[in-house]
Amino acid sequence: MGMTSEAYSTALRCITNPIKHLNTPRPRLRAPPASLSSWSRKLSSTSTTKARWSNTCSCNCSKTTLRRSFSTSRRLAQEAVRNTRPQQQLIDLSQFPPSKIRNLIICAHIDHGKSTLADRLLELTGTIPPMQISSDRNEKDVKNEQVLDTLKVERERGITVRAQSASMVYKDDLGESFLINLLDTPGHVDFSSELLRSMLPSQGALLLVDAAQGIQAQTLTVLEEARNRGLKIMGAVNKWDLVQHDGRGEAAVAEVADLIDCKEDEVLRVSAKTGMGVESVLEGIVARIPPPQEAVAPEKLRALVFDSWYDSFRGVVSLVAIVEGEIRKGDSITSTTTKTAYTVVDLGIMSPKELSIAAHPIPASRVLRKGMIGWIVCGMKDVNDAFLGDTFHHTHSPMPPLESFKPLKSMVFAGIYPLEPGGFPKLEDAVRRLTLTDRSVTSNRESSSFLGQGFRLGFNGSLHMDVFRQRLEDEYDEEVIVTRPLVPVRLIYKNGEERTIDNPADFPDPGGLLKVAKIEEPMIRATIVAPDEYTGDIINLCTSHRGVPISHTYLASSKTLSTSHSRITLIYLLPLSSIVTNFHSTLKSLTSGFASFDYEEAPYEESDLVRMNILVNGVKVDALCSVMHRSQVEKEGREWARRLREVVPRQQYEVVIQAAVGSTIVARERVAPVCKDVTAGLYGGDYTRKMKHLAKQKAGKKRLKERSIGNVTIPTSAFFTVLGGKEGQRKGGPTS
């Protein structure tokens, strides 16, 4: 049947603006019930809401049937999550005098649950919501995990790399509120600088121990440093839900009580994963950790900078501890290090993300006062002006600097070069900004004849070096080549002159060593804690790495542990160069992962070191030179020559790869030339015809080699495979 013009125009309006003609009204968003998770599951289980309009629509177009279906359940769930997620509330800082403030660090060995406990503390105080609800999976609640571990490398490896600060408000049973500034610190020895700088603004430390593993090597080191700085130690045993029904839990409590010299009842028993006993941690912090000292008289401003990072829009953001006085927006402050004056343009606290208080509705809460920890933005654009341990004071009231922080001395040095030619300017900017957040890294420019311009960087260990490389890739999209790590070597000449070398190219050859009286390498005092059953394997491992035993002691007495479960502490004197390769991974493999390893710096000792050169057709490759003990030259030389042979492409002539010490060749590999079958077109005749063609080819290759000796084409990807990159991480040290 035909359609009238009026019906046609009405139907056209239905198509162009269908919402006005929907017969099924759009469901309104209602307030969710108390249990958001159950409401989300109910939403997801219902059938998809469909709205249809047909010949019964309000336009009376009976001759035309129009349909449209759309889904609203997913969008409603996303809007509900967005509307019901609690917004971060501003904290009224005016109600927290120094007596109501607690500053502490949480420290433990690797994988003992520091970050998990920090998550539960933030949830219990209401700083973060108890659950993070996923809009992609409405039927499932996602727990908070590693909230303070903001770096991609931290989440991938499951370790804490950078110390993070978080401010939270805790209200006790009496209704009194306390401001707790918690600093989550790394547990690996390579990041000890992060731990040391976190102790500067702290008055106490929460020492966390895994109930199943007990005291580890890093636990002893952290405890000693905390005691040296006069911090109040509070002990806690984590993962109590796993060991509460056997003897391991009570044994760990006895160990901690004996270590920190307290009663066993004072050691907290918690489970960060389930939340058991976390409330007692907050109560213990308020009761045991001392507050900052009260001001007896009006004080002038002194703010200690113990962390900083770079923001592309605001410049350098400094994390400060207000030791004396107070600071607010608009104040003119001066650095005691650079003598440069700045104006505070913004300030706030970490809760756990940046929370500005510059525009707080309560005027008294727009100030950071004595004892508080917060961040400030003062228009500092050059990262070279930001110094860790710097002191800010009011420009009109000069004050002496506070205790400064000196990062640990670099123990491992390596060269870093851009993978792509011409990428040095971008790499330079990335290194400059990344070292702002990691002040324990030292950097100096250097150049290589094979790899071009790069940097000679100093690190605290092999894991520190590997994490820095990964952060360059993750945060700045920089693929780099990392050369073989080298520890600093000290040369003492016969005329009394001393020289420290951190680049293998600067190490003298055998002729130059005639002027050297002795060569010294750095040593470490290594502490290994492991079950007693692995003692023999550990002794053999340390001996093979030129270790000298110092002491063997049992950590637990017979009162706390049976003999079959006792653990031993071994202290060895080891060369630092022996542990930057595969020592840690071998130790974990021999002890089934039960051993823990920690070390501290020891004096230099004399050693028989030489430089091993890698030659390609007689030409030295400076990027592959290394300094090692004479006993390791042959083994390492064969390994490097073999691996280089696998990545060097075949040439028109033979390529010879050699490892040499001076003029002595210790290893040799050969890359066969590309051969062309010049006799393929000969189908008969005397054999002398073939011999004539082969002799002509041999003479031509000889002339080519004479003209091209040493000019072997080695792609940059070959160096990336041998030295850096994912395929080259064969000896990157510990990863956990």
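These numbers come from a predicted model, not from an experiment.

Engineer: Hey, could you run me through the overall build of the protein in this one?
Structural biologist: Helices and strands together make up the secondary structure of the protein, namely 17 helices and 33 strands. Looking at the protein as a whole, 52% of its 736 residues are labelled buried. For the protein, the exposed surface amounts to about 35300 Å²; the carbon and sulfur share of it is 50%.

Engineer: Please clarify how the packing of aromatic side chains should be interpreted in this entry.
Structural biologist: Each aromatic ring pair is characterised by the separation of its centres together with the angle its planes make. Evaluated as defined, the whole model comprises five aromatic pairs. Seen in terms of ring centroids, Phe 424 and Phe 455 are 5.3 Å apart; in terms of plane orientation they differ by 20°. Their pairing is stacked. Of the two residues, Phe 424 is situated in helix α11 (residues 424–437) and Phe 455 in strand β21 (residues 452–459); the sequence distance between them amounts to 31 residues. Comparing Phe 424 with Phe 455, the two get one shared label, buried. When the centroid spacing of 5.9 Å and the interplanar angle of 40° are considered together, the rings of Phe 597 and Tyr 599 count as tilted. Note on accessibility: Phe 597 and Tyr 599 belong to one class, buried. Clustering of aromatic rings is evident, with ring pairs tying together Phe 583, Phe 597 and Tyr 599. Its end group placed over the ring of Trp 240, Arg 269 keeps NZ or CZ at 5.5 Å from the ring centre.

Engineer: Even after reading the chapter, I still don't get the sheet that holds strand β22 (residues 480–482), so can you show me in this structure?
Structural biologist: Sheet strands pair via backbone hydrogen bonds, and the direction of the pair is either parallel or antiparallel. The strand order across the open sheet formed by four strands is β20-β21-β19-β22, and the pairing between neighbours is antiparallel. The open sheet has two edge strands with one neighbour each: β20 (442–448) and β22. With strand direction ignored, the average angle separating the axes of adjacent strands in the sheet is 30°. Inspection of the sheet shows strand β19 (residues 412–418) paired to β21 by five bridges, in the antiparallel sense. The residue of β21 that forms the bridge with Gly 415 is Arg 456. Together, β19, β20, β21 and β22 form the strand contacts of α11, whose direction differs from that of β21 by roughly 20°.

Engineer: Please clarify how helix α15 (residues 633–647) should be interpreted in this entry.
Structural biologist: Think of an α-helix as turning once every 3.6 residues; residues three or four places apart then point the same way. Counted at 1.5 Å a residue, the expected span for α15 with its 15 residues is 21 Å, and the 21 Å between its end C-alpha atoms agrees. Three or more residues of α15 are buried, namely Val 633, Glu 636, Gly 637, Trp 640, Ala 641, Arg 643 and Leu 644.

Engineer: Could you clarify how one ought to interpret the environment of Asp 537 in this entry?
Structural biologist: Here Asp 537 lies in helix α13 (residues 535–544). On the basis of relative accessibility, which here comes to 36%, the residue Asp 537 falls in the partly exposed class. Asp 537 sits 50 residues away from Leu 587 along the chain, and the two C-alpha atoms are 8.7 Å apart.

Engineer: What's the story with the environment of Phe 450 in this structure? I'm lost.
Structural biologist: Inspection of the secondary structure puts Phe 450 in the loop between β20 and β21. With relative accessibility at 34%, the residue Phe 450 sits in the partly exposed group. Residues Phe 450 and Leu 624, 174 residues apart in the sequence, show an inter-C-alpha distance of 9.8 Å. If sequence neighbours within four positions are ignored, Phe 450 has contacts with Lys 620, Val 621, Asp 622 and Phe 719.

Engineer: I'm lost on the sheet that holds strand β8 (residues 268–269) in this one. Help?
Structural biologist: The six strands are arranged β4-β5-β1-β6-β7-β8 in an open sheet whose pairing can be described as mixed. Lying at the two open borders of the sheet, with one neighbouring strand each, are β4 (164–171) and β8. Alignment of strand β7 (residues 232–238) against β8, held across two bridges, turns out to be parallel. Bridging across to β8, Val 237 finds its partner in Arg 269. Along the sheet face, helix α9 (residues 247–260) touches β6 (204–210), β7 and β8 and points at about 170° away from the line of β7.

Engineer: I'm lost on helix α7 (residues 217–228) in this one. Help?
Structural biologist: End to end, α7 covers 17 Å across 12 residues, agreeing with the expected 16 Å (1.5 Å per residue, within 8%). Among the residues of α7, Ala 217, Gln 218, Thr 219, Val 222, Leu 223 and Ala 226 are the ones counted as buried. The positive-phi residue at the C-terminal boundary of α7 is Gly 230, with phi of around 75°.

Engineer: Can you walk me through the side chain of Arg 162 in this structure?
Structural biologist: By the secondary structure assignment, Arg 162 is in the loop between α5 (152–157) and β4. Within the structure, Arg 162 has its side chain in polar contact with the side chain of Asp 307 (distance 2.7 Å). For Arg 162, the contacting residues outside a window of four places in its chain are Leu 151, Glu 154, Asp 184, Pro 186, Glu 194, Arg 197, Asp 307, Ser 308, Trp 309, Thr 437 and Arg 471.

Engineer: I tried to follow the pairing of β7 on my own but got confused; where do I start?
Structural biologist: In summary, the side chains of a regular strand alternate between the two faces of the sheet. Where burial is concerned, most of β7 is hidden: six out of the seven residues are buried. Handedness of the crossover is the feature at issue here: the chain leaves β6, passes through α7, returns alongside β7, and the resulting connection is right-handed.

Engineer: Explain the side chain of Ser 271 here, please?
Structural biologist: You can see Ser 271 is positioned in the loop between β8 and α10 (278–288). Since its relative accessible area comes to 1%, Ser 271 is described here as buried. Reaching out from Ser 271, the side chain makes a polar contact with the side chain of Asp 241 at a distance of 2.9 Å. If we ignore the near neighbours within four places in the chain, the residues touching Ser 271 are Asn 238, Lys 239, Trp 240, Asp 241, Met 276 and Val 278.

Engineer: What exactly am I supposed to notice about the pattern of salt bridges here?
Structural biologist: Working definition: two side chains of opposite charge can pair if their charged atoms are close together. Across all of its chains, the model carries 35 salt bridges by this definition. A salt bridge links Lys 518 to Glu 520; the nearest nitrogen and oxygen atoms lie 3.4 Å apart. Residue classification places Lys 518 among the partly exposed positions, given a relative accessible area of 31%. Classification of Glu 520 by relative accessible area gives buried; the value is 9%. A salt bridge links Arg 546 to Glu 521; the shortest N-O distance between them is 2.9 Å. With a gap of 25 residues between them, Arg 546 in the loop between α13 and β26 (548–554) and Glu 521 in strand β25 (residues 516–531) connect regions that are remote in the sequence. One salt-bridge network, in which partners are shared between bridges, spans Arg 157, Asp 466, Arg 469 and Glu 473.

Engineer: Even after reading the chapter, I still don't get the nonpolar core, so can you show me in this structure?
Structural biologist: Generally speaking, a soluble globular protein has its nonpolar side chains buried in company with each other. Ile 105 and Val 237 are the most contacted members of the largest nonpolar core, which totals 39 residues. Ranked by residue count, the leading element in this core is α9, at five residues. When sequence neighbours within four positions are dropped, the list of residues in contact with Val 237 reads Val 209, Ala 211, Ala 252, Val 253, Val 256, Val 267, Leu 268, Arg 269 and Val 270.

Engineer: Explain the confidence of the model for the protein here, please?
Structural biologist: Detailed reading of predicted coordinates is not advised where the pLDDT is low. Summarising the model, the protein shows a mean pLDDT of 79, and 80% of its residues fall at 70 or more. For residues 18–74, every residue scores under 50 in pLDDT, and the model assigns this stretch 72 contacts once sequence neighbours within four places are set aside. Per-residue pLDDT stays below 50 along residues 557–564; that stretch engages in six contacts with residues further than four places along the chain or on separate chains.

Engineer: Help me understand the packing of helix α4 (residues 114–124) against α10 in this model?
Structural biologist: The interhelical angle for the contact between α4 and α10, taken along N-to-C directions, is 80°, at an axis separation of 10 Å. Here α10 runs roughly perpendicular to α4, going by the angle between their axes. Taking contact as the criterion, the partners of Leu 117, Arg 120, Leu 121 and Leu 124 in α4 are, on α10, Val 278, Glu 279, Val 281 and Leu 282. In the contact of α4 with α10, the residues fall into six nonpolar, no polar and two charged.

Engineer: I keep staring at the pairing of β19 and nothing clicks. Help me out?
Structural biologist: With respect to burial, β19 is a largely interior element, seven of its seven residues being buried. Burial along β19 is two-sided: Val 412, Ala 414, Ile 416 and Pro 418 and Phe 413, Gly 415 and Tyr 417, pointing in opposite directions, are all buried. Taken together, the three bridges between β19 and β22 define a ladder with antiparallel strand orientation. Among the inter-strand pairings, Pro 418 is bridged to a residue of β22, identified as Val 480.

Engineer: What is the right way to read unusual backbone geometry from this model?
Structural biologist: Most peptide bonds take the trans form, and the phi angle of most residues other than glycine is negative. In this structure, the amide linkage connecting Ser 351 to the following residue, Pro 352, adopts the cis form with an omega of -15°. For Pro 352, the position within the fold is in the loop between β14 (346–350) and β15 (354–356). With phi around 60°, Lys 239 is a residue other than glycine that occupies positive phi space. With respect to the helices and strands, Lys 239 occurs in the loop between β7 and α8 (240–243). Phi angles above zero are rare outside glycine, and Arg 546 is one such case at about 60°.

About the thresholds
Residues numbered from 1 in each chain as written. Predicted model: local features only at pLDDT ≥ 70, side-chain atom pairs only at ≥ 80, totals over all residues. Heavy atoms only, no water. Helix = DSSP H or I, 4+ residues; strand = E, 2+ residues; numbered from the N terminus. Buried < 20%, exposed > 50% of the residue type's maximum accessible area, 1.4 Å probe, protein only. Areas by Shrake-Rupley, 256 points an atom, 1.4 Å probe, with all protein chains shown as cover. Phe/Tyr/Trp six-rings, centres within 6.5 Å; stacked < 30°, edge-to-face > 60°. Lys NZ or Arg CZ within 6 Å of the ring centre and 35° of its normal. Pairing = 2+ DSSP bridges. Axes fitted to C-alpha atoms, helices over the stretch in contact; angles between N-to-C directions. Contact = heavy atoms within 4.5 Å. Expected span 1.5 Å × (residues − 1). Polar contact = N/O pair within 3.5 Å; in protein donor to acceptor, adjacent residues only side chain to side chain. Right-handed = clockwise from strand over helix to strand, strands pointing away. Salt bridge = Lys/Arg side-chain N within 4 Å of Asp/Glu carboxyl O. Core = buried A, V, L, I, M, F, W, Y, C linked by side-chain atoms within 4.5 Å. pLDDT = per-residue confidence, 0-100. Parallel < 35°, antiparallel > 145°, perpendicular 65-115°, else oblique. Nonpolar A, V, L, I, M, F, W, Y, C, P; charged D, E, K, R; others polar.

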